[in-house]
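Each chain, written out:
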Amino acid sequence: MEGDAAVIGTGLIGASVGLALRAAGWNVFGWDADPDALTAAARRGAVEEAASEEQAIRSAELVFLCGPLKAILEQLPRVPVGKLATDVAGVKAPVVKSAGSTRFVGGHPMAGRETSGPDRSTPTMFRGASWILTTDGADGADLDKVGEVVASFGAIPLLMSAADHDEAVAAVSHLPQVVASAMVGQVDGAVARQLAAGGFRDITRVAASDTSWWPEILTGNSASVARHLRALAADLDQWAGLIESGDQAAIRADLEAASAARRSLAAPVAALRVMLDDRPGEVARVGMALAASRVDLRDLELRHSTEGGAGVLTLSVRPEEESALRAALAAEGLAVI
């Protein structure tokens, strides 16, 4: 599928959309309120032609609105009749409402990074990621077309209503963002920050995200987010009471139930923790072991000591491939801990 598309807003997500469109054969017109962002996106190849907002939209058959929520709400009514538009906002009910009679399919790619800006964009940003498409007021043929486009990016299109989307992301995206930010606020002083272990860093990773657009998203989905926060507060209060009671059997039962639920969210993997010395060539040795073992690497995570001297690389593979990788790592002289 190819044609003329417009990307309005060329930050990290918008520029990545532009790169993915161009990789799929589209001619991409781009515009951004920040001239530097548009220049950077053009330099990276995310847009073929920089234009004014009006020119970009007028020249395209498919318009991606990729700016902040407030900008999308203002731009949607300006999309000419007959033009097909979609967006990438993390909250959908206010966007669908703003669309009115515009030919529109609401969208939300469940992908991103802690970094921001077009210089970090990539055409592979959306591979394997769910891309929500809202059905509210959308024509079936338009849903199919936008679905085909995002599928060409490597994304997995999922259909749902705006209300269902906002309730779901309140739990799996918006709540973790607020909780991570609140947890970071619990760490007081430089000594405590140095002592923060891997679990704390994992849980609070999203607190390092670009904060510029989060206030709009959280307030745009305020009812659902507030409800989940209050429910979590009630759960935490119950945990506090359980811990104070000293009932270790009950604590263990709750921890095991949570552990089982978390494991059910993904395919089972075996995680091997490899100790790396702080010297050149260590990761290359891991690469040689991976090549020799011919395993299907499902995930990896590198945690480097803040004091230097060593690091731990966690490699996740299918359970049946654990022994092959363990043997290959040992052959390279790498210690699995």
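Scroll up for the structure.
Residues numbered from 1 in each chain as written. Predicted model: local features only at pLDDT ≥ 70, side-chain atom pairs only at ≥ 80, totals over all residues. Heavy atoms only, no water.

Trainee: Hey, could you run me through the sheet that holds strand 1 (residues 4-8) in this one?
Mentor: Sheets are built from strands paired through backbone hydrogen bonds, the pairs being either parallel or antiparallel. With parallel pairing, the six strands of this open sheet are ordered in space as 3-2-1-4-5-6. Where the open sheet ends on each side, the last strands, each with one partner, are strand 3 (49-50) and strand 6 (104-105). Seen against the sheet, helix 1 (residues 12-23) touches strand 1, strand 2 (27-31) and strand 4 (62-65) and runs at an angle of roughly 170° to strand 1. (Pairing = 2+ DSSP bridges. Helix = DSSP H or I, 4+ residues; strand = E, 2+ residues; numbered from the N terminus. Contact = heavy atoms within 4.5 Å. Axes fitted to C-alpha atoms, helices over the stretch in contact; angles between N-to-C directions.)

Trainee: What exactly am I supposed to notice about the sheet that holds strand 8 (residues 130-134) here?
Mentor: Read across the open sheet, the three strands follow the order 7-8-9; overall the sheet is mixed. Lying at the two open borders of the sheet, with one neighbouring strand each, are strand 7 (107-109) and strand 9 (156-160). Each neighbouring strand pair of the sheet contributes to a mean axis angle of 20°, computed without reference to strand direction. Alignment of strand 7 against strand 8, held across three bridges, turns out to be antiparallel.

Trainee: Teacher, can you tell me more about the packing of aromatic side chains here?
Mentor: Each aromatic ring pair is summarised here by two numbers: the centre-to-centre distance and the angle between the ring planes. Overall, the coordinates contain six aromatic pairs when judged by the stated rule. Measuring from centroid to centroid gives 6.1 Å for Phe 126 and Phe 153, while their planes differ by 35°, and the two rings are tilted. With Phe 126 in the loop between strand 7 and strand 8 and Phe 153 in the loop between helix 6 (140-152) and strand 9, this pair connects stretches of sequence that are 27 residues apart. When sorted by exposure, Phe 126 lands in the same class as Phe 153, which is buried. Aromatic ring contacts, followed pair by pair, group Phe 64, Phe 126, Trp 131 and Phe 153 into a single cluster. (Phe/Tyr/Trp six-rings, centres within 6.5 Å; stacked < 30°, edge-to-face > 60°. Buried < 20%, exposed > 50% of the residue type's maximum accessible area, 1.4 Å probe, protein only.)

Trainee: Explain the pattern of salt bridges here, please?
Mentor: Any two side chains of opposite charge can pair, on the condition that their charged atoms come close. For the structure shown, the criterion picks out 14 salt bridges. Here Asp 296 ties to Arg 298 by a salt bridge, and the two come within 2.7 Å at their closest N and O atoms. Residue Asp 296 is classed as partly exposed on the basis of its relative accessible area, which comes to 26%. Judged by its relative accessible area of 44%, Arg 298 is partly exposed. The partner of Glu 322 in a salt bridge is Arg 326, and the shortest N-O contact between them spans 2.8 Å. With Glu 322 and Arg 326 both in helix 14 (residues 322-331) and four residues apart, this pair spans about one turn of that helix. (Salt bridge = Lys/Arg side-chain N within 4 Å of Asp/Glu carboxyl O.)

Trainee: I'm lost on the nonpolar core in this one. Help?
Mentor: Nonpolar side chains in soluble globular proteins tend to end up buried together. Counting 28 residues, the largest nonpolar core has Val 17, Leu 21, Phe 64, Phe 126, Trp 131 and Phe 153 as its most contacted members. Sorting the residues of this core by element identifies strand 1, helix 1, strand 4, strand 8 and helix 6 as the ones contributing at least two each. No other element matches the five residues that helix 1 contributes to this core. In terms of nonpolar packing, the next biggest core, distinct from the first, is built from 23 residues, Ala 6, Phe 29, Ala 85 and Ala 162 among them. (Core = buried A, V, L, I, M, F, W, Y, C linked by side-chain atoms within 4.5 Å.)

Trainee: Please clarify how the side chain of Lys 92 should be interpreted in this entry.
Mentor: Positionally, Lys 92 belongs in the loop between strand 5 (84-87) and helix 5 (93-99). Among the polar contacts listed, one links the side chain of Lys 92 to the backbone oxygen of Gly 107, at a separation of 2.9 Å. Setting aside residues up to four positions removed in sequence, Lys 92 forms contacts with Asp 87, Gly 106, Gly 107, Thr 134, Ala 162, His 165 and Asp 166. (Polar contact = N/O pair within 3.5 Å; in protein donor to acceptor, adjacent residues only side chain to side chain.)

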